[in-house]
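The residues making up each chain are set out below.
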Amino acid sequence: MGLPEVKQSATEARLSALSLPESGCLKAAREAALSRVQTMGLPSRRDEYWKYTKPDTLVQADAPKAAVFNADEAPMFSAFERLNIVFVDGVFDAEASDDLSLEGVTIDRIEDICCKDIHWAKDLYGVLEARGQTPVERPLAALNTAFASDGVAIRVTGKVSKPINFTYVHSHESSDAILHHVIRVETGAEVTILENGPAASRFNKCMEIDIADGGKLHLVRAQGRDHERRAATHLFARLGTESVFKSFTLTVNGVLTRNEAVIELTGDDAVAHIAGACVGDGDFHHDDTVFITHDAVNCESRQVFKKVLRNGATGVFQGKILVKEGAQKTDGYQISQSLLLDEDSQFLAKPELEIYADDVACSHGSTSGAIDEEGLFYLRSRGVPHGEATDLMTLAFLAEAVDEIEDPEIAADIVSRLEGWLARRR
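In this text the structure is predicted, and so the values were computed from the model without any measurement.

(A) Summary view of the nonpolar core. With 52 residues, the main nonpolar core has Ile154, Leu217 and Phe245 as its most contacted residues. In terms of nonpolar packing, the next biggest core, distinct from the first, is built from 34 residues, Phe77, Ala275, Met393 and Ile405 among them.

Written out as structure tokens, the structure is:
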């Protein structure tokens, strides 16, 4: 059956504005991804997993303009010793980046891989994205695999001494960036990945993460504060035996953000935690869509998402835990909550459990409400001004998500930034 005419026209218009990059050993993966896009069509509000989020500006041929936000503060994570990799409007900036040499890890640009016939990333690029298309189609991720113009491949072979930081700089009001990163964590290796910055007026990013037995990856993202930006990010992760993956994403500002995560626990005793916190104001729309599959014994997953919304902002959470037959002793936990600071904002949630094993402990919950007036009164009665009291309660509400960050110093930096941003909004 062919695509509906409206979807077909929108897909053709978007594809006509793009061209496949020089591919080398990635040619087959890019062509297969393009075929997936053409078969699925780009998303519309008629698609089940897009009914809460209007994707029009993410799929139109040209990127909507977005003013560049000039922050009067140091970039996120700049206080930490790290290896910094900089992309400006989606293009690698060698002069602004650090040397890509670091013990226990090898880093290659996707552009350089395309010039080679053989590279380890060939066996991973597009593979997890393709697996993640079932049972829910994710055409923007396939579009990314086909047309990503830059990105890096990271192979971690030891315990890396300092974080690897991606800094995404937005410098042009009509930039349209498509980045694709591939990360392979070998047996027993460990790394922390940091990401920060708005990247572009419109940003489509895909990250494929393969963690071997006993490997660990910690990911902390701070999406940029440019208010008019639009972003669709995709994270695909596959976990081996006794491996660990922990992710936290902070979002403040952005007119439209859609963060998708697809995680497979394929080895026994694996652990996957994914968390997010967002603070939205006005024409802010933030969508977290998560799908975690338990396909091994005695695995643990956590989904913890907190959203603070005001002045008509909208938050969306769609989270699913799938426990396959034989995945006994699964421990799956999911919580999504919103704090609505006025009556104009809204939170739309769709939590799901699908279980085919009988020895499991799975739970999900979703709540939405106003700030606790009793707690607010308690603080006010002790001399705390109303705005400061509201900020303190907001930080307390977000704490469960922030606590998922493994490194206490990074977590403290996130809280410090939030305190400053909230204070400016009073």
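From this point, things continue past the structure.
(B) Molecular detail of the packing of helix H1 (residues 5-16) against helix H2 (residues 27-40). Contact geometry of H1 with H2 gives a least axis separation of 9 Å together with a crossing angle of 150 degrees. Here H1 is positioned roughly antiparallel relative to H2, judged by the angle of their axes. When H1 is examined against H2, the residues Lys7, Thr11 and Leu15 are found in contact with a partner set consisting of Leu34, Val37, Gln38 and Met40. A class-by-class count of the residues in the contact of H1 with H2 yields four nonpolar, two polar and one charged.

(C) Here's a closer look at the environment of histidine 273. As for its placement among the helices and strands, histidine 273 is situated in strand E13 (residues 271-281). Among residues more than four places away in sequence, those in contact with histidine 273 are Phe245, Lys246, Ser247, Glu300, Arg302 and Glu404. Within polar-contact distance, the side chain of histidine 273 engages the side chain of glutamate 300 at 2.6 Å.

(D) Region of the structure containing the environment of isoleucine 164. Tracing the backbone shows isoleucine 164 in strand E5 (residues 164-169). For isoleucine 164, the residues in contact, after removing those within four places along its chain, are Leu83, Ile85, Leu102, Val105, Ile107, Ile154, Val191, Thr192, Ile193 and Leu194.

(E) Here's a closer look at the sheet that holds E5. Read across the sheet, 10 strands follow the order E2-E1-E5-E7-E9-E11-E13-E15-E17-E19 without closing on themselves; strand pairing throughout is mixed. Every interior strand has two partners, whereas the edge strands, strand E2 (91-92) and strand E19 (360-369), have only one. When E13 meets strand E15 (residues 300-310), the two strands line up parallel, connected through 11 bridges. Pairing of alanine 275 across the sheet is with valine 304, part of E15. This element, helix H8 (residues 386-402), spans strand E11 (244-252), E13, E15 and strand E17 (330-340) of the sheet and lies at about 155 degrees to E15. Running over the sheet, helix H9 (residues 408-424) touches strand E7 (190-197), strand E9 (216-223), E11 and E13 and is turned about 15 degrees from E11.

(F) Geometry of empty space enclosed by the protein. Applying the stated criterion to the full structure yields four cavities of 30 Å³ or more. If you trace the largest cavity, you find 14 residues lining it, with Tyr168, Gly197, Phe203, Gln223 and Thr233 closest to the centre. Among the secondary structure elements, those contributing two or more residues to the lining of the largest cavity are E7, strand E8 (202-211), E9 and strand E10 (230-239). Considering only residue class, the lining of the largest cavity consists of five nonpolar, five polar and four charged.

(G) Representation of the layout of surface pockets within the structure. In this structure, the largest pocket encloses a volume near 420 Å³. Forming the walls of the largest pocket are 23 residues, and the residues nearest its centre are Ala71, Pro75, Asn196, Gly197 and Pro198. Elements with a minimum of two residues in the lining of the largest pocket: E5, E7, E9 and H9. It is E5 that contributes the most residues to the lining of the largest pocket, three residues altogether. Residue composition of the lining of the largest pocket, by class: 12 nonpolar, seven polar and four charged.

Definitions and limits used
Residues numbered from 1 in each chain as written. Predicted model: local features only at pLDDT ≥ 70, side-chain atom pairs only at ≥ 80, totals over all residues. Heavy atoms only, no water. Core = buried A, V, L, I, M, F, W, Y, C linked by side-chain atoms within 4.5 Å. Buried < 20%, exposed > 50% of the residue type's maximum accessible area, 1.4 Å probe, protein only. Axes fitted to C-alpha atoms, helices over the stretch in contact; angles between N-to-C directions. Helix = DSSP H or I, 4+ residues; strand = E, 2+ residues; numbered from the N terminus. Parallel < 35°, antiparallel > 145°, perpendicular 65-115°, else oblique. Contact = heavy atoms within 4.5 Å. Nonpolar A, V, L, I, M, F, W, Y, C, P; charged D, E, K, R; others polar. Polar contact = N/O pair within 3.5 Å; in protein donor to acceptor, adjacent residues only side chain to side chain. Pairing = 2+ DSSP bridges. 1 Å grid on protein atoms, 1.4 Å probe; cavity = no way out; pocket = protein on both sides within 12 Å on 5 of 7 lines; lining within 4 Å. Points joined across faces, edges and corners; volume = space filled by probe spheres on them.

That's the geometry; what it means functionally is another story.
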